[in-house]
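One-letter residues, chain by chain:
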Amino acid sequence: MPHPPHRPDHATVLAEVRAVRRAGVVRLRGLDIPELSRIARERLGTPGELPGLAVERLLRDAVAGIGGGTLQTAAEYTLGLAQGTRDWPPADRRRRAAEVYGVSVERFRKHHEVMVLDQITEQILGLTATATVATAAEDDAATAHDAADGRDAPAPGPHRLAPAHRVIKPRVHDRVVPVTLHVHSVDLLRGVDVVVSPSNTYFALPAPYKASVAAALRRAAARTDATGGVVEDHVHDELRDWAVRHGIPGRAALPGTVAATSAGAMAAQGVRRIYHLAVAVPRPGTNDYDVQPADITRAVDRAFTLLAAESARHDPPLASVCLPLLGAGRGGLPALESFGALWTAVEAELARGAPWDIHLVMRRQARADLVERLLTGRRP
């Protein structure tokens, strides 16, 4: 019988990625990184290959999985994977990565580097999960082949995908409150009254083909024809009209402002409203944003105020709300910092006795594990 696959621990992998950051890939052979070595060996190793080379290939695949942009470039410099940086001292690599974001070395060390290393770790865990699923499929295929040949086949091992939905029950002050974690793209949500979408302060939506939460919601809310062409761009049009009504077309709203639109075609999925939270402040002359945790807390608090005002106007009343990790993508905030800012407002609302059904959505299992640990104090 095949043994259950070893599941890497996020904290352990992150600690070893930090060790690589300090040493650089040129010194991989002498590093004590057993977990990265095991992952690389099981996923990528070839007979006779030096362990350091396998780990370097794993790290390069993880960084490439980030998908480009300043985050990937900073990750390449941080680990010494950028061309010509293998032997750079860690201080020089950190300085160059800070220049990518246009921030001081100290700010990069305290904020951006934490996010960069966390993203590399999540990519490694994602690659490991993919390999685990592939191994499970191979084991099951081998079992089926043995059965077809008439041989006694071992019972299938306990290979299971991580759940896409989890209900956890954190204690908020004097009561236990169920919170549903959705681990999938935001456009797959079903039966949630209000979905929160991060926005920049101009309420300018990203193109529908982008990978962000706002782009996914814009795409899902649009009405399309049989060929996939957009017939009605509901969220874009309603958000533009909202800006006109409030006298801010072409200029920035204050961070923390909330705009509400319908959910367009997502109404067929049971989603009735989208609340757009202005938390990202564009950085002049760049494609980057600055996101402050205080603005996230303020915006989420205002979203609950709007929900309370709108709820009774609908039949049945609005009762559930789903929030992503605001600012944890292009905004550059570490997932931990994003969730802390978000949960501060959620907890305050629940502590007042609010009846809302709380949902959280994120695409990566590692982030869901982190949130579950934070809310329950235990490892999933």
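Draft legend 1. Examining the nonpolar core more closely. In this structure, Tyr275, Leu277, Ile296, Val300, Val346 and Leu360 are the most contacted members of the largest nonpolar core, which totals 45 residues. A per-element tally of this core places helix α10 (residues 335-351) first, with eight residues. Not counting the four nearest positions on each side in its chain, isoleucine 296 is found in contact with Val279, Val291, Leu326, Leu333, Ala341 and Leu342. Ile33, Val55, Val100 and Tyr101 belong to the second largest nonpolar core, which has 39 residues in total.

Draft legend 2. Layout of unusual backbone geometry. Residues aspartate 315 and proline 316 are joined by a peptide bond in cis, for which omega reads 0°. With respect to the element layout, proline 316 can be found in the loop between α9 (293-311) and β11 (320-324). Phi is positive for histidine 173, which is not a glycine, with a value near 60°. Within the secondary structure, histidine 173 sits in the loop between β2 (171-172) and β3 (175-176). Among the residues examined, histidine 173 registers a relative accessible area of 56% and is labelled exposed. The backbone of phenylalanine 203 sits at a positive phi, close to 50°, despite the residue not being glycine. If you trace the backbone, phenylalanine 203 turns up in the loop between β5 (194-200) and α7 (213-221).

Draft legend 3. Structural view of the environment of aspartate 92. Residue placement: aspartate 92 occurs in helix α5 (residues 90-101). Take aspartate 92: its relative accessible area is 30%, and that puts it in the partly exposed class. Between the alpha carbons of aspartate 92 and valine 105 there is a distance of 9.9 Å; along the sequence they are 13 residues apart. Here arginine 95 takes part through its side chain, which lies 2.8 Å from a polar atom of the side chain of aspartate 92.

Draft legend 4. Quick peek at the pattern of salt bridges. The full count for this structure, using the stated rule, is 24 salt bridges. Across the salt bridge formed by arginine 367 and glutamate 122, the nearest N and O atoms sit 3.2 Å from each other. Placement of arginine 367 in helix α11 (residues 365-376) and of glutamate 122 in helix α6 (residues 105-148) is noted, with a sequence separation of 245 residues between them. For arginine 367, a relative accessible area of 10% puts it in the buried group. For glutamate 122, a relative accessible area of 5% gives the class buried. Connected through shared salt-bridge partners, Arg21, Arg94 and Glu113 make up one network.

Draft legend 5. Main features of helix α8 (residues 234-245). Here α8 contains 12 residues, and its C-alpha end-to-end distance of 16 Å stays within 8% of the 16 Å for a straight helix at 1.5 Å per residue. His234, Val235, Leu239, Trp242 and Ala243 are the residues of α8 that are buried. Buried residues of α8, seen end-on, are gathered within an arc of 155° and therefore sit on one face of the element. Pointing more than 90 degrees away from the buried face of α8 are the exposed residues Val244 and Arg245.

Draft legend 6. Representation of the packing of α10 against α11 in the model. Closest axis-to-axis distance for the α10/α11 pair is 11 Å, and the angle between their directions is 50°. With respect to each other, α10 and α11 are oriented oblique. Seen along the crossing, α10 lies across α11 with a hand that is right-handed. Contact with α10, carried on its side by Ala335, Leu336, Phe339 and Trp343, involves Arg367, Leu370, Val371, Leu374 and Leu375 of α11 and no other residues of that element.

Draft legend 7. Looking closely at α7. Most of α7 sits inside the fold, with seven of its nine residues counted as buried. Looking only at α7, the buried set comprises Ala214, Ala215, Ala216, Leu217, Arg218, Ala220 and Ala221. At its buried positions, α7 is contacted by β5, β6 (223-224), α8 and β9 (273-282).

Draft legend 8. Local environment of the packing of α9 against α10. Close contact between α9 and α10 brings their axes to 8 Å; oriented N to C, the two are set at 35°. Here α9 runs over α10; the crossing is right-handed. Residues Pro293, Ile296, Thr297, Val300, Asp301 and Phe304 of α9 pack against Glu337, Ala341, Leu342, Thr344, Ala345, Val346 and Glu349 of α10. Classifying every residue of the contact of α9 with α10 gives eight nonpolar, two polar and three charged.

Draft legend 9. The arrangement of the confidence of the model for the protein in detail. Confidence in the prediction of the protein, expressed as mean pLDDT, is 84, and 86% of residues score 70 or more. Confidence drops under pLDDT 50 across residues 131-158; counting only partners more than four residues distant or on other chains, this segment forms 21 contacts.

Draft legend 10. Spatial organisation of the side chain of threonine 78. In this fold, threonine 78 is placed in helix α4 (residues 69-79). Take threonine 78: its relative accessible area is 3%, and that puts it in the buried class. A polar atom in the side chain of threonine 78 sits 2.7 Å from the backbone oxygen of alanine 74. Those residues within four positions of threonine 78 in sequence are excluded, and the remaining contacts are Arg21, Arg93, Ala97, Phe108, Val116 and Leu117.

Criteria and thresholds
- Residues numbered from 1 in each chain as written.
- Predicted model: local features only at pLDDT ≥ 70, side-chain atom pairs only at ≥ 80, totals over all residues.
- Heavy atoms only, no water.
- Core = buried A, V, L, I, M, F, W, Y, C linked by side-chain atoms within 4.5 Å.
- Buried < 20%, exposed > 50% of the residue type's maximum accessible area, 1.4 Å probe, protein only.
- Helix = DSSP H or I, 4+ residues; strand = E, 2+ residues; numbered from the N terminus.
- Contact = heavy atoms within 4.5 Å.
- Polar contact = N/O pair within 3.5 Å; in protein donor to acceptor, adjacent residues only side chain to side chain.
- Salt bridge = Lys/Arg side-chain N within 4 Å of Asp/Glu carboxyl O.
- Expected span 1.5 Å × (residues − 1).
- Arc of directions from axis to C-beta.
- Axes fitted to C-alpha atoms, helices over the stretch in contact; angles between N-to-C directions.
- Parallel < 35°, antiparallel > 145°, perpendicular 65-115°, else oblique.
- Left-handed = near helix turned anticlockwise from the far one by under 90°.
- Nonpolar A, V, L, I, M, F, W, Y, C, P; charged D, E, K, R; others polar.
- pLDDT = per-residue confidence, 0-100.

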